[in-house]
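# Secondary and tertiary structure notes
So you can see what is in the structure, the chains are spelled out below.
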Amino acid sequence: MTAFFFALFFLPESHKISSKAERVAAADAARKSALGRSLADRMIASLRALHYPNLALVTVILFLVGFVFAHMESTLALWADVAFGWEAREVGYLFAFAGVVAVIFQAGLLGPLTRRFGEARLIVFSAILLGVGMALVPSATTVSQVLLAIACLAAGFGLGNPSIQSLITQLSRPEIAGVALGMGQAASSLARVVGPLWAGFLFQKIGPDWPYIAGACFMAVVFFLAENLRRRVQTADDAV
């Protein structure tokens, strides 16, 4: 809700329309376009967007990052209860701490780090942080170790998610940018559905630590995918 009102009142319109006639024409064109495009047309456009190799790869990375982070979000309270006997108040403190770390990285460090390293490298860094954080959770025996693990997870997601979204727009041609972002959001939403189901299954059927062990393994895969993406982006930039 906060993001909605911030965008409504503070973000400037990027496409300026000077006259009333132009506004009417633009609205009419948008209405006809929306009515004229069937579900099949939109699905075909989405598949065409994924036909670009780098765009498909970054969408897969976005899905896996959200999938792994959902492991933590959905099982942390249960794990903390088993490992430390913590209740809702202590778990709330953990999530508040994670939020503070994410805000610090996104609001204070993301811009300078992006200018210094670029989005592709930050995605690699975020995969490392997320993988380390997931691996640290099962071995944590003290509060400080838990906080270190949560800090790694929050920092990794705080750096990775906006960097991936930004890279999607950079890799998309203008005419498919909206479709590409829509596919990214769909992948992220799917990860938020599938991730908790898989994490809950591991927690209940195998053990409380297994959502995090599996998450660390998934992030190892994401690391290699992200490194491959970084090399592709670097090659494309060098060729320009």
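For the structure, check the block above.
Structure report, in brief. Here, residues in each chain are numbered from 1, in the same order as that chain's written sequence. Local features in a predicted model are, by the rule used here, given only for residues with pLDDT of at least 70; side-chain atom pairs are given and counted only at 80 or more, and totals for whole chains, interfaces and linings are based on all residues. Heavy atoms throughout the structure, all of them, feed into the side-chain values; hydrogens and water do not.

Before going further, it helps to examine the packing of helix α5 (residues 88-117) against helix α6 (residues 119-139). If you want to describe how two helices pack, look at the angle between their axes and the distance between the axes. Between α5 and α6, the least distance of the axes is 7 Å, while the angle of their chain directions is 115°. Relative to α6, the element α5 is oriented roughly perpendicular. Contacts from L110, L113, T114 and F117 of α5 reach α6 at E119, R121, L122 and F125. Residue composition of the contact of α5 with α6, grouped by class: five nonpolar, one polar and two charged. Axis angles are defined between N-to-C directions and span 0 to 180 degrees, where every axis is a line fitted to C-alpha atoms and, for a helix, only to the segment in contact. Numbering goes from the N terminus for both helices and strands, where a helix is a DSSP run of H or I of at least four residues and a strand is a run of E of at least two. An angle counts as roughly parallel when it lies under 35 degrees, as roughly antiparallel when it exceeds 145, as roughly perpendicular when it falls between 65 and 115, and as oblique in every other case. Pairs of residues are marked as contacts when any of their non-hydrogen atoms sit within 4.5 Å. For this classification, Asp, Glu, Lys and Arg are treated as charged, while Ala, Val, Leu, Ile, Met, Phe, Trp, Tyr, Cys and Pro are nonpolar and the rest, including Gly, are polar.

If you look at the biggest cluster of nonpolar residues, it comprises 47 residues, and the most contacted ones within it are I61, V65, W79, L153, I164 and L229. Sorting elements by how many residues they give to this core places helix α4 (residues 53-84) first, with 14 residues. In contact with V65, other than residues within four places in its own chain, are L130, F157, I164, M219 and V222. Among the buried residues, those of types Ala, Val, Leu, Ile, Met, Phe, Trp, Tyr and Cys that are joined through side-chain atoms within 4.5 Å form a nonpolar core. Only protein chains enter the accessibility calculation, which uses a 1.4 Å probe. A residue is then buried if its area is under 20% of the maximum for its type, exposed if over 50%, and partly exposed in between.

Now for the pattern of salt bridges. The working definition used for a salt bridge is a side-chain nitrogen of Lys or Arg within 4 Å of a carboxyl oxygen of Asp or Glu. Throughout the structure, instances matching the rule amount to four salt bridges. When the shortest N-O distance is used, the salt bridge between E90 and R89 registers 3.9 Å. Residue E90 is classed as partly exposed on the basis of its relative accessible area, which comes to 26%. Classification of R89 by relative accessible area gives exposed; the value is 58%. Of the charged contacts in the structure, one is a salt bridge between E227 and R231, with a shortest N-O distance of 3.3 Å. Within this pair, E227 and its partner R231 are both found in helix α9 (residues 210-239), separated by four residues, close to a single helical turn. Classification of E227 as buried rests on a relative accessible area of 17%. Shared partners join several salt bridges into a network, and the residues in it are E227, R230 and R231.

What follows covers the packing of aromatic side chains. Aromatic contacts are taken between Phe, Tyr and Trp rings whose centres are within 6.5 Å, Trp giving its six-membered ring; a plane angle under 30 degrees counts as stacked, one over 60 as edge-to-face, and the others as tilted. The tally for this structure, following the rule as stated, stands at nine aromatic pairs. Here the aromatic rings of F223 and F224 are separated by 5.4 Å at their centres, their planes lie at 75°, and the arrangement is edge-to-face. For F223, a relative accessible area of 28% translates into the label partly exposed. Owing to a relative accessible area of 60%, F224 belongs among the exposed residues under this scheme. In this structure an aromatic cluster arises from ring pairing among W79, F84, W86 and Y212. Think of it as a cone above the ring: NZ of Lys or CZ of Arg counts as a charge over the ring if it is within 6 Å of the ring centre and within 35 degrees of the ring normal. Between the NZ or CZ atom of R116 and the centre of the ring of F117, over which it lies, the distance is 5.0 Å.

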